[in-house]
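Descriptive analysis of the structure
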Amino acid sequence: CLQSSMTEQTGRVELHDISASSFELVLEYLYTGKARVAVRSLVELLEAAAMLQVQPLVAELAKVLGAGLAGDNCLDLWATAARLGLPAVKPLKAACLKFACESFADVVSTTSFLSLSCPQLECLIRGRRVHASEETVFAAVIKWARAAQPSPGELSAILQHIHFRDMRPSFVSSEVLTEPLVAEHMQLVAKRLLSDQPQRRIHYEATGRVASLAYTWKVPSFSVSGDSEGRVYSPIFRSGGDEWQLKLSKGGEVEGQLGIFLKCLNAVGGVTLEAYFTLKLHNQTPRKSVQKWAEHEFKHTAKPHMGWINEDWGWQKFIELEKLSAGFLVDDTLTVEVSIERRNE
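Structural notes, computed from the coordinates. Each residue is numbered by its place in its chain's sequence as written, counting from 1. Whole-chain, interface and lining totals are the exception, using all residues; otherwise, since this is a predicted model, local features are given only for residues with pLDDT of at least 70 and side-chain atom pairs are given and counted only at 80 or more. In computing side-chain properties, one takes all heavy atoms of the structure into account and sets aside hydrogens as well as water.

1. Some details on the overall build of the protein
Let me state the cut-off plainly: The secondary structure listing takes helices from DSSP runs of H or I that are at least 4 residues long and strands from runs of E that are at least 2 residues long, numbered from the N terminus. Note on classification: 1.4 Å probe, protein chains only; a residue is buried when its accessible area is under 20% of the maximum for its type, exposed when over 50%, partly exposed between these limits. Contacts are residue-level and defined by heavy atoms, with any inter-residue pair within 4.5 Å sufficient. Here, Shrake-Rupley sampling with a 1.4 Å probe gives the accessible areas, and only protein chains in the shown set may cover a residue.
Secondary structure summary: the protein contains 12 helices and 12 strands in total. In the protein, which comprises 345 residues, the share counted as buried stands at 44%. Partitioning the intrachain contacts of the protein with sequence separation of at least 6 by distance along the chain shows that 64% fall at a separation of at least 24. A total accessible area of about 18200 Å² is found for the protein, and carbon and sulfur atoms account for 51% of it.

2. Let's talk about the nonpolar core
The criterion, for reference: Buried Ala, Val, Leu, Ile, Met, Phe, Trp, Tyr and Cys residues form a nonpolar core when they are joined through side-chain atoms within 4.5 Å.
By size, the foremost hydrophobic cluster in this structure holds 64 residues, and its most contacted members are Phe 104, Phe 113, Leu 124, Ile 125, Phe 138, Ile 162 and Val 176. The residues contacting Val 176, other than those within four sequence positions of it, are Phe 138, Phe 164, Met 167, Phe 171, Val 182 and Val 189. One finds Val 232, Ile 260, Leu 279 and Leu 324 within the second-largest nonpolar core, a separate group that totals 29 residues.

3. Quick word on a nonpolar patch on the surface
For the record, the criterion: Patch construction takes residues with relative accessible area above 30% that form no salt bridge. Like charges are linked within 9 Å, and nonpolar side chains (Val, Leu, Ile, Met, Phe, Trp, Tyr) are linked within 5 Å. For this analysis, a salt bridge means a side-chain nitrogen from Lys or Arg found within 4 Å of a carboxyl oxygen belonging to Asp or Glu.
On the surface, Phe 23, Leu 27, Leu 30 and Tyr 31 cluster together into a nonpolar patch covering about 430 Å² of accessible area. Along the chain, Phe 23 falls in helix H1 (residues 20-32).

4. A few points about the pairing of strand S7 (residues 257-264)
Applicable threshold: Two strands form a pair only when DSSP identifies at least two bridges running between them.
For S7, the buried fraction is high: 7 of the 8 residues fall into the buried class. Of the strand pairs in this sheet, strand S6 (residues 242-250) and S7 are connected by 7 bridges, and their pairing is antiparallel. Across the sheet, Leu 248 pairs through a bridge with Ile 260, a residue of S7. In this structure, the hairpin formed by S6 and S7 is closed by a connection of 6 residues, where Gly 251 is found at a positive phi of approximately 80°. Strand direction decides the pairing type here: S7 and strand S11 (residues 312-320), joined by 6 bridges, are antiparallel. By the bridge assignment for S11, Gln 257 is matched with Glu 320.

5. Thoughts on unusual backbone geometry
Backbone geometry places Gln 149, a non-glycine residue, at a positive phi of 50°. Turning to its location among the elements, Gln 149 is positioned in the loop between helix H9 (134-148) and helix H10 (152-159). Since its relative accessible area comes to 67%, Gln 149 is described here as exposed. The phi torsion at Asp 332 lies on the positive side, around 60°, for a residue other than glycine. Positionally, Asp 332 belongs in the loop between S11 and strand S12 (334-343).

6. Focus: the side chain of Lys 250
Rules: A residue counts as positive if it is Lys or Arg and as negative if it is Asp or Glu; His and the chain ends are not included. Under the rule applied, a polar contact is a pair of N or O atoms within 3.5 Å (in protein, one hydrogen donor and one hydrogen acceptor; residues adjacent in sequence only if both atoms are side-chain atoms).
Residue position: Lys 250 is located in strand S6. Asp 332 provides the closest opposite charge to the buried, unpaired Lys 250, separated from it by 7.5 Å. A polar atom in the side chain of Lys 250 sits 2.6 Å from the backbone oxygen of Phe 222.

7. Examining the pattern of salt bridges
Under the defined criterion, the tally for this structure stands at 9 salt bridges. The salt bridge partner of Glu 47 is Arg 83, with a shortest N-O separation of 2.6 Å. One end of the pair, Glu 47, is in helix H2 (residues 42-51); the other, Arg 83, is in helix H4 (residues 74-84), and 36 residues separate them in sequence. Take Arg 83: its relative accessible area is 54%, and that puts it in the exposed class. A salt bridge links Glu 243 to Arg 238; the nearest nitrogen and oxygen atoms lie 2.5 Å apart. Judged by relative accessible area, Glu 243 falls into the partly exposed class, the value being 22%. Relative accessible area serves as the criterion here: at 53%, Arg 238 is assigned to the exposed category. Put simply, Asp 227, Glu 229 and Arg 231 are held in one network by salt bridges that share partners.

8. A few points about helix H5 (residues 90-102)
Condition: Given the number of residues in a helix, its expected span is that number minus one, multiplied by 1.5 Å.
Here H5 is 13 residues long and its end C-alpha atoms lie 18 Å apart, about the 18 Å a rise of 1.5 Å per residue gives. Residues of H5 that are buried: Leu 92, Cys 96, Leu 97, Ala 100 and Cys 101. As for H5, its buried residues are in contact with H2, helix H3 (55-67), H4, helix H6 (104-107) and helix H8 (118-125).

9. Structural notes on the packing of H2 against H3
So the rule is basically this: Throughout, an axis means a line fitted to C-alpha atoms (over the contacting stretch in the case of helices), and angles, computed between N-to-C directions, take values from 0 to 180 degrees. Note that the term roughly parallel is reserved for angles under 35 degrees, roughly antiparallel for angles over 145, roughly perpendicular for angles of 65 to 115, and oblique for everything else. Should the near helix be turned anticlockwise from the far one by less than a right angle, the crossing is left-handed, and should it be turned clockwise, the crossing is right-handed. Residues are sorted three ways: Asp, Glu, Lys and Arg are charged, Ala, Val, Leu, Ile, Met, Phe, Trp, Tyr, Cys and Pro are nonpolar, and all the rest, Gly among them, are polar.
Where H2 meets H3, the axes come as close as 9 Å, and the angle between the chain directions of the two elements is 155°. As the angle between them shows, H2 and H3 are arranged roughly antiparallel. For the crossing formed where H2 meets H3, the hand is left-handed. Contacts between H2 and H3 involve Leu 42, Val 43, Leu 45, Leu 46, Ala 49 and Ala 50 from the former and Leu 57, Val 58, Leu 61, Ala 62, Val 64 and Leu 65 from the latter. Partitioning the contact of H2 with H3 into residue classes produces 12 nonpolar, no polar and no charged.

10. As for the packing of H9 against H10
Running from N to C, H9 and H10 cross one another at 165°; their axes reach a closest spacing of 11 Å. One element, H9, and the other, H10, form an angle in the roughly antiparallel class. The crossing of H9 and H10 is right-handed. Touching Val 141, Trp 144 and Ala 145 of H9 are Leu 155, Ile 158 and Leu 159, all from H10. In the contact of H9 with H10, the residues fall into 6 nonpolar, no polar and no charged.

Pasting the structure below:
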């Protein structure tokens, strides 16, 4: 039984939207179980086979197309598979979405990305499937919005899926808060920023009034590193005139937990340094990285029988140690990033 775009007149059937060459290839497949087709004609043949409901051919073509996914074709194939809506193309649709998430940087540079509908873009960036930082996702959304010119409601729906709280504070100040397209959605952005940390402060001051640092520490041979109490210390690093150091605690503070702490080494003589900082534990899938932030007064205090010491501050339960195998440890190397901002004196 033939359905879809056809008309019948006095024993004659007219097929619309199917080229003669595609129909010939469908017939070849029906008679021989094979079809010789050029790569450039695969999508056209897929659509013809779907219209004629030749499910085995649809499944074969979907499999071939899925094996040849690239940054410049996956979004178009995703849209085609979604439009056809057949069970045989569901694996292709899923493969296209997975590829687009894993190759996000390549996908956003294509014209197909700029042509995505609002629901398609929402589907792409929702959750934490995209292998890119929140800064990259935000930049891609703004690029799309400038081209697609969505309504305020549509852009608001997109911005709901961006995790602003996981961005570097300096990026929020310099890029998000100054973006004209975001201006009328500032209440939404603020809500997203404060959703997990009611006391978080955003620095509106000019860059010259804030001392900023981003430092990445790679910890090789993590499984065998550390002292007898499971503590691992980073090299000392500098931010302006300040010296800082990170500490990992492998179950030493709380059993089964990885603790991460930050210490300012030159808060001396009772001096207090107030700083806003974020700690990020990197995952192979960037959006699965774990990030926490805090504001703290780092002090040089006197302790009985210990003298003057620099106190560290952080999280005793940053992540469960058993979860590190889920993309956080790469060749037994752990990557920790810290961003520090404090007012200049």
